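# Chains, contacts and geometry: an overview
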Amino acid sequence: MLDNFKIWYHQGKQYIPDVTTAQVPGIFRGRPVISEVKVDEEALCALCPTRAIQAHPVAIDLGRCTFCGECAFAFPKKIRFTTDYKMATNERERLMIREGQDEPITLNESLVRKEIRSVLGQSLKLRQVSAGGDNSCELELNAAGNVNFDMGRFGIEFTASPRHADGLVITGPVSRNMAEALDITYAATPDPKIIVLAGTDAISGGIFADSPALDRSFLDTHTVDLYLPGNPAHPLCIINGFLSLLGRTRPKTPKLPLTPLGNLPERAGEQLPERLQGRQV
Amino acid sequence: MMYVSVKNHQRIPFSDIPVTEYGAFRELILHELMANPDDHCVQYFGVPMDGGIRLIVCVARDSNSDIRISSCQASSENTYPSCAASKPALEKFEREITELYNIQFEGHPWNKPVRYPWNRAMQEQRMEQYPFYTIDSEELHEVGVGPVHAGIIEPGHFRFICNGEQILHMETQLGYQHRGIESLFLKPGSVLQKATLAENIAGDTAVGHTTCFAHLWESLCGFEPSAQLKYSRTLALELERIAIHTGGLSAMCADIGYQLGNSVFGRLRTPVINFFQQWCGNRVAKSLIRPFGTHFPFTPELGQTLSAMFDRYEPDFLEMCHELFKLPSALSRFEKTGVVSLEQAAEIGAVGVAARMSGLCRDIRASHPDDLYPELQHTPIVKHHGDVYSRTKVRKQEIEQSLAHIRQLLTRIPAPEDGLSASAPEVQAPGPYPHSGHAFLHQSPAPAPGMFVLSLVEGWRGEICHCAITDPQGALVCYKVKDPSFHNWLALALAVRNNEISDFPICNKSFDLSYCGHDL
Ligand code: SF4
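Residues numbered from 1 in each chain as written. Chains lettered and ligands numbered in written order. Predicted model: local features only at pLDDT ≥ 70, side-chain atom pairs only at ≥ 80, totals over all residues. Heavy atoms only, no water.

### Considerations on the overall build of chain B
Along the backbone of chain B there are 17 helices and 14 strands. In terms of overall dimensions, chain B is globule-like: its C-alpha atoms have a radius of gyration of 23 Å, near the 24 Å expected for 520 residues. Each principal axis of the C-alpha atoms in chain B carries an extent, and together these give about 80 × 60 × 40 Å. When each of the 520 residues of chain B is scored for burial, the buried share is 66%. Counting contacts in chain B only where the partners sit at least 6 residues apart, residues at least 24 apart contribute 66% of the total. Put simply, chain B shows about 17000 Å² of open surface, and 52% of that area lies on carbon and sulfur atoms. Across chain B, the mean location of the 44 positive side-chain charges is 3 Å away from that of the 59 negative side-chain charges. (Helix = DSSP H or I, 4+ residues; strand = E, 2+ residues; numbered from the N terminus. Rg over C-alpha atoms; globule rule 2.2 N^0.38 Å. Buried < 20%, exposed > 50% of the residue type's maximum accessible area, 1.4 Å probe, protein only. Contact = heavy atoms within 4.5 Å. Areas by Shrake-Rupley, 256 points an atom, 1.4 Å probe, with all protein chains shown as cover. Lys, Arg positive; Asp, Glu negative; His and termini not counted. Charge placed at Lys NZ, Arg CZ, Asp CG, Glu CD.)

See below:
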């Protein structure tokens, strides 16, 4: 038992206190910025592996981009990737980054269905469906719930059954062989329910877009409530995406009533709830 | 000679592969190519050719690092006596050939569909009509699980035949993740597109598959990678192993309800994958490995960051392992659960962790080494019980071993300039790539015509095999990918027999197999 406490103690504080302002380490490629410098636009479009770049004027579709960075290496004066991970939105069009544009990507508030915030605002339970996903977005969705990112603190969690879920998070380009299972899972989810696409493969098919092994008809007939771009989507992109969909862009991390060693914390100016006063927990 | 011997990713003219008739081909496979216990079939596939199907078999001999290749011409009009009937390790290869080309193997123990690919020969075969084994009994019952599972995990269907709580038999139906990757490789396109395909084969093995592709492609093009490239690939492979094994240990703890282990291993994976992000901008190392060069050479500064990270990782990792492996409640779930014997593992041709856990020493890093592995003198970690405990222990010890390899590598970081394409001439602004070093994909050499290459890499799961054939113009006519899971799914089916069905999750997680890598 003591060993357990020792391990616990050695971990220190692992969670990211504020997921809305956390900085990502290293050279993360997030939202790109495209300058107005003149370049050989045909060459630029041609080098992109997923044809995510359009010419005249230059624009990058984050729903197709694999964030490989090749365009920025080839044309460093034209394209630059920032570390801004808040790339989630609910309108496909907003994933299009245009020349000269350097503003945060936000949700189109008028497209957020009312019941999402009124019914699911404080507690969002999701069922994940991997439909040809390569297990990298799945890895990041799992990571979003680990002790570092701790999405559970906002009441956002994954359930074991669609019957207990408020929506689906789909990863992968939707393989033909998963199309029916996806339909059935969606039908098994009670209303109101949301659809979230995580990762480039899910949003556009990504590098698999032209494959005859896909069947994306589900996405043609259903409205998507949230796009989480990335290859894979970063946990901070995922969490912030959900928070903005739920209208909780300034979330408070609930204060922990316990310190790691089990004593009540003493914080200046902070009143303990009455039922806890004078008690050892 | 009825076969040709090559080394790992050595390119040979396709015409050098002898073509025989099936009878002799079968004799050759059974009595010569697979005669030794260390012989294992790394690839056996068909290619449409000369009005029929050319069957090509590639068997690795671990003792002398040879890969022996032979072929025969077959047609869907004939039926052929099955090799799998006496060498079960070939069972899935034959099923795949039947599924794609309608070539029938007589005497195959269970010639069922493998993955329902979009280009299967019999389009009328449907996912929902998979011919599961059933038992006509009033005492036994069947349990179907999947394709959608309870966790955030990929889809696959498991069908159990149970006697009460006890599993008598389990059958796995896969194919849900099929994305047609092998056919996409054949489409005309840039090297970057192919590299992107390779890194999306299995996103948890981006380094493994992309390295395997890079070796193959460079060999096809006659390109010799620089010291920096070899260095960063070796380092990345070992880092990927540490990252995914750590995450695997976390998930194992979750499956036995051990919250502390789940949290601690889970958070220990974070700095490792964050290091990938610091190195190349992506937490699963997508974009890091490219043929001919790298945009992200490994620098001494990165070396310091990595070294400092592991100095913090290691004590916490060891402390947690120490606790886990002496915890009676954990051991009682791990020990003697999901046993695969050495004979079974050898018979079905298990690879990677799924082989080494039962005493079968199979590790490409030792048997067909490449990059810096010859210098690291890698000795595989082998356990003997074949149970969940052995698999967990192999993964734990492989983390420690990879740490030692990385520490050794960190003492000799090559000059970063080395990694940027050596052969690329200076490119003048204002065209693309004003810094010459980054143009390596843009100005890469073309694949040689009429060639055959087979490339093997030991990913964290086990042996990855990519195989390519070019036509007289140098275009790809065949690109074949094999993830280690292709062999190992059968090991899981054997492991769960006679176990309680409640132990299935822990068995499944201990193998940690890939669905998308299998279904491609
Ligand atoms: S970073 Fe995105 S837009 Fe640029 S080349 Fe790669 S996929 Fe295309």
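### A short note on the environment of Thr337 of chain B
Residues and elements named next belong to chain B. Locating Thr337 in the fold gives a position in the loop between α9 (328-334) and α10 (342-348). Separated by 278 residues in sequence, Thr337 and Val59 have C-alpha atoms that sit 32 Å apart. Residue contacts for Thr337: discarding those within four places in its chain leaves Ser332, Asp387, Val388, Arg391, Asn499, Asp503, Ile506 and Cys507.

### Re the site of the ligand
Every residue lining the ligand is accounted for by Cys48, Pro49, Thr50, Ile53, Ile60, Cys65, Thr66, Phe67, Cys68, Gly69, Cys71 and Phe81 of chain A. Looking at the shell around the ligand residue by residue, the classes come out as nine nonpolar, three polar and no charged. (Near = heavy atom within 4 Å. Nonpolar A, V, L, I, M, F, W, Y, C, P; charged D, E, K, R; others polar.)

### Comments concerning the environment of Leu360 of chain B
All names here are of chain B. Inspection of the secondary structure puts Leu360 in the loop between α11 (353-356) and α12 (364-367). Since its relative accessible area comes to 10%, Leu360 is described here as buried. Each C-alpha atom of the pair Leu360 and Gly386 lies 9.6 Å from the other, and the pair is 26 residues apart in sequence.

### With respect to the interface of chain B and chain A
Across the boundary between the two partners, chain B contributes 71 residues, which contact 64 residues of chain A. Summed over both sides, the interface of chain B with chain A buries roughly 5500 Å², with 57% coming from carbon and sulfur. Between Arg283 of chain B and Glu140 of chain A there is a salt bridge; the shortest N-O distance is 2.5 Å. Those elements that place two or more of their residues in the side of chain B that touches chain A are α3 (181-186), α4 (191-199), α7 (259-280) and α8 (300-324) of chain B. The residue makeup of the side of chain B that touches chain A, split by class, is 31 nonpolar, 24 polar and 16 charged. (Buried area = accessible area lost by both parts, 1.4 Å probe. Salt bridge = Lys/Arg side-chain N within 4 Å of Asp/Glu carboxyl O.)

### Description of the sheet that holds strand β10 (residues 157-163) of chain B
Residue and element names in this part refer to chain B. On the basis of which strands lie adjacent, the open sheet formed by three strands has the order β9-β10-β11 and antiparallel pairing. Here the strands that pair on one side only, and so sit at the sheet edges, are β9 (141-145) and β11 (166-173). Between one strand axis and the next, the sheet turns through 20° on average, direction left out of account. Of the strand pairs in this sheet, β9 and β10 are connected by five bridges, and their pairing is antiparallel. The residue bridging Val145 from the neighbouring strand is Phe158, located in β10. (Pairing = 2+ DSSP bridges. Axes fitted to C-alpha atoms, helices over the stretch in contact; angles between N-to-C directions.)

### Here we look at the packing of helix α1 (residues 2-11) of chain A against α8 of chain B
Orientation of α1 of chain A relative to α8 of chain B, taken along the N-to-C sense of each, is 155°, at an axis distance of 11 Å. Considering the angle they form, α1 of chain A stands roughly antiparallel to α8 of chain B. Where α1 of chain A crosses over α8 of chain B, the two elements pack in a sense that is left-handed. Contacts between α1 of chain A and α8 of chain B involve Asp3, Asn4, Lys6, Ile7, His10 and Gln11 of chain A on the former and, on the latter, Asp316, Glu319, Met320 and Glu323 of chain B. Each residue belonging to the contact of α1 of chain A with α8 of chain B can be placed in one class, and the counts come to two nonpolar, three polar and five charged. (Parallel < 35°, antiparallel > 145°, perpendicular 65-115°, else oblique. Left-handed = near helix turned anticlockwise from the far one by under 90°.)

### Describing the packing of α8 of chain B against helix α14 (residues 388-409) of chain B
Residue and element names in this part refer to chain B. Where α8 meets α14, the closest approach of the two axes is 12 Å, and the angle between their N-to-C directions is 155°. Judged by the angle between their axes, α8 and α14 are roughly antiparallel. For α8 against α14, the interelement crossing comes out left-handed. Each of Leu306, Ser307, Phe310, Asp311, Tyr313, Glu314, Phe317, Leu318 and Cys321 in α8 lies in contact with α14, whose residues at this interface are Lys396, Ile399, Glu400, Leu403, Ile406 and Arg407. Grouping the constituent residues of the contact of α8 with α14 by class yields nine nonpolar, one polar and five charged.

### Digging into the domain arrangement of chain B
All names here are of chain B. For chain B, the domain assignment lists domain 1 (1-114) and domain 2 (181-519). A separation of 26 Å is found between the C-alpha centroids of domain 1 and domain 2. Counting from both sides, the interface comprises 33 residues of domain 1 and, opposite them, 36 residues of domain 2. When the two sides are added together, the surface that domain 1 and domain 2 hide from each other amounts to roughly 2900 Å², 63% of it contributed by carbon and sulfur. Its largest share of buried area at the contact with domain 2, domain 1 owes to Asn8, His9 and Arg11, together 24% of the area lost on that side. The interface formed by domain 1 and domain 2 holds one salt bridge in total. Among the salt bridges present, the one from Lys480 reaches Glu96, with a minimum N-O distance of 3.0 Å. Viewed at the interface, domain 2 and domain 1 are joined by 15 residue pairs in polar contact (both at pLDDT 80 or more). Top element by residues in the side of domain 1 that touches domain 2 is strand β4 (residues 39-49). It accounts for seven residues. For the side of domain 1 that touches domain 2, a count of residues per class yields 19 nonpolar, six polar and eight charged. (Domains from an automatic or database assignment. Polar contact = N/O pair within 3.5 Å; in protein donor to acceptor, adjacent residues only side chain to side chain.)

### Describing the confidence of the model for chain B
Here chain B averages 91 in pLDDT, and 97% of its residues register 70 or above. For this predicted complex, the interface confidence score (ipTM) comes to 0.89, while the overall pTM stands at 0.91. (pLDDT = per-residue confidence, 0-100.)

### A closer look at the pairing of strand β12 (residues 451-458) of chain B
All names here are of chain B. Counting buried residues in β12 gives eight out of eight residues, a clear majority hidden from the surface. Strand direction decides the pairing type here: strand β2 (residues 12-13) and β12, joined by two bridges, are antiparallel. Looking across to β12, one finds that Pro13 is bridged to Met451. Here β12 pairs with strand β13 (residues 463-470) via seven bridges, running antiparallel. Opposite Phe452, over in β13, you have Ile469 as the bridge partner.

### Here we look at the pattern of salt bridges
Residue and element names in this part refer to chain B. All told, the structure shown has 46 salt bridges over all chains when counted by the stated rule. Among the salt bridges present, the one from Arg159 reaches Glu142, with a minimum N-O distance of 3.6 Å. Residue Arg159 is located in strand β10, and its partner Glu142 is located in strand β9; the two are separated by 17 residues in the primary sequence. A relative accessible area of 22% places Arg159 in the partly exposed class. For Glu142, a relative accessible area of 34% corresponds to the partly exposed category. What you see here is one network of salt bridges that share partners, running through Glu238, Arg241, Arg356, Asp363, Arg365, Glu398 and Glu458.

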